[in-house]
Amino acid sequence: TQLLEQSPQFLSIQEGENLTVYCNSSSVFSSLQWYRQEPGEGPVLLVTVVTGGEVKKLKRLTFQFGDARKDSSLHITAAQTGDTGLYLCAGAWSGGSNYKLTFGKGTLLTVNP
Amino acid sequence: DTGVSQNPRHKITKRGQNVTFRCDPISEHNRLYWYRQTLGQGPEFLTYFQNEAQLEKSRLLSDRFSAERPKGSFSTLEIQRTEQGDSAMYLCASSPTSADTQYFGPGTRLTVL
C-alpha cells in the first residue's frame, strides 16, 4: 500500500503569516497533485507536478516536488482568510497504474482575520 | 459550466434501501473514477472506467456496490441494501486518457439512518 503522510494535520494562523505544509511518502510517484477542499464540496485542483525538483507557483502558493519524487511541499505567502480549507496531496504511484490516486489525510488550514 | 457534475448533492436514506448516484464527467474525458471520502480522511479509490469498460474495482467496493458507464459518458453508482457504514461523500472525477490529473465533481453526501 502506498501511503502519503501530510503534516501538520491542523494549522491555525493569522492573516498575513507564511506557512508550509508537507506531503511525504516512502514510495516514488510519477506525479503528484495538490487539491483544496471546502466543507461539503469536492476537491479543487491547484497544481500537478511531475518532474523531480520541479517548482510551480500559483500566485501566493509555491509547490515543490522532491528530487526523488517521494515528497512535496506547499508554501503559502501572506495567507488570507480565503485560503482556509483542507489541503490534500494525491499521488499516482510510479510502480503501478497511473490512474489510481492515493490521497493523504490532508492539512486543515484556518486563517484567522 | 463544463466541469464534472454529480447528482444528487445530498441523499438521506434508511438502512436497507437502495440508492443510485449519477456522475457526468467533462465531455472529452475518457476516464472516469469514483472515490469515497469519510470524515477526517482523504478520498479513497473505488473504481475506474476507461470509456465504457470498468477496468478496476477496489476491495472497498463490496458486492452491494455496482457502477456502470453504459455509453462511455455518464456513470452511475448504485448501493444496494445500504448500511450505516456507507455514510460518506461519494466523489466522481474524470481525466483525459493521456493525463494523470483528475478533476473532481462536487460530490454526493450520503447519510444512512
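Model, not experiment: these values are computed from the prediction. (Residues numbered from 1 in each chain as written. Chains lettered and ligands numbered in written order. Predicted model: local features only at pLDDT ≥ 70, side-chain atom pairs only at ≥ 80, totals over all residues. Heavy atoms only, no water.)

Draft legend 1. Region of interest: the overall build of chain A. On a plain count of helices and strands, chain A comes out with 0 helices and 11 strands. Scanning chain A from its N terminus toward the C terminus, one meets helices and strands in the order β-β-β-β-β-β-β-β-β-β-β. In terms of C-alpha radius of gyration, chain A reaches 13 Å, essentially the compact-globule figure of 13 Å for 113 residues. Dimensions of chain A, computed from C-alpha atoms along their principal axes, come out at roughly 45 × 30 × 20 Å. When the 113 residues of chain A are sorted by exposure, 43% land in the buried category. Pairs at least 24 residues apart make up 55% of the contacts formed inside chain A by residues separated by at least 6 positions. Summed over all atoms, the accessible surface of chain A reaches about 5300 Å², with 50% contributed by carbon and sulfur. When the 9 basic and 9 acidic side-chain charges of chain A are each reduced to a single mean position, those positions are 7 Å apart. (Helix = DSSP H or I, 4+ residues; strand = E, 2+ residues; numbered from the N terminus. Rg over C-alpha atoms; globule rule 2.2 N^0.38 Å. Buried < 20%, exposed > 50% of the residue type's maximum accessible area, 1.4 Å probe, protein only. Contact = heavy atoms within 4.5 Å. Areas by Shrake-Rupley, 256 points an atom, 1.4 Å probe, with all protein chains shown as cover. Lys, Arg positive; Asp, Glu negative; His and termini not counted. Charge placed at Lys NZ, Arg CZ, Asp CG, Glu CD.)

Draft legend 2. The environment of A:Thr107, seen in detail. Locating A:Thr107 in the fold gives a position in strand 11 (residues 107-112). Among the residues examined, A:Thr107 registers a relative accessible area of 0% and is labelled buried.

Draft legend 3. Region of interest: the state of the cysteines. Per the stated rule, a full pass over the model turns up 2 disulfides over all chains. The disulfide that involves A:Cys23 links it to A:Cys89, with 2.0 Å between the sulfurs. Linking A:Cys23 and A:Cys89, the disulfide has an S-S dihedral of approximately 80° and is accordingly described as right-handed. Of this pair, A:Cys23 sits in strand 3 (residues 19-24) while A:Cys89 sits in strand 9 (residues 85-93); the two residues are 66 residues apart in sequence, bridging distant segments of the chain. Comparing A:Cys23 with A:Cys89 shows no difference in burial state: the two are buried. A sulfur-sulfur distance of 1.8 Å marks the disulfide that ties B:Cys23 to B:Cys92. Disulfide B:Cys23-B:Cys92: torsion about the S-S bond near -65°, hence left-handed. Of the two residues, B:Cys23 is situated in strand 3 (residues 19-24) and B:Cys92 in strand 9 (residues 88-95); the sequence distance between them amounts to 69 residues. (Disulfide = S-S within 2.5 Å.)

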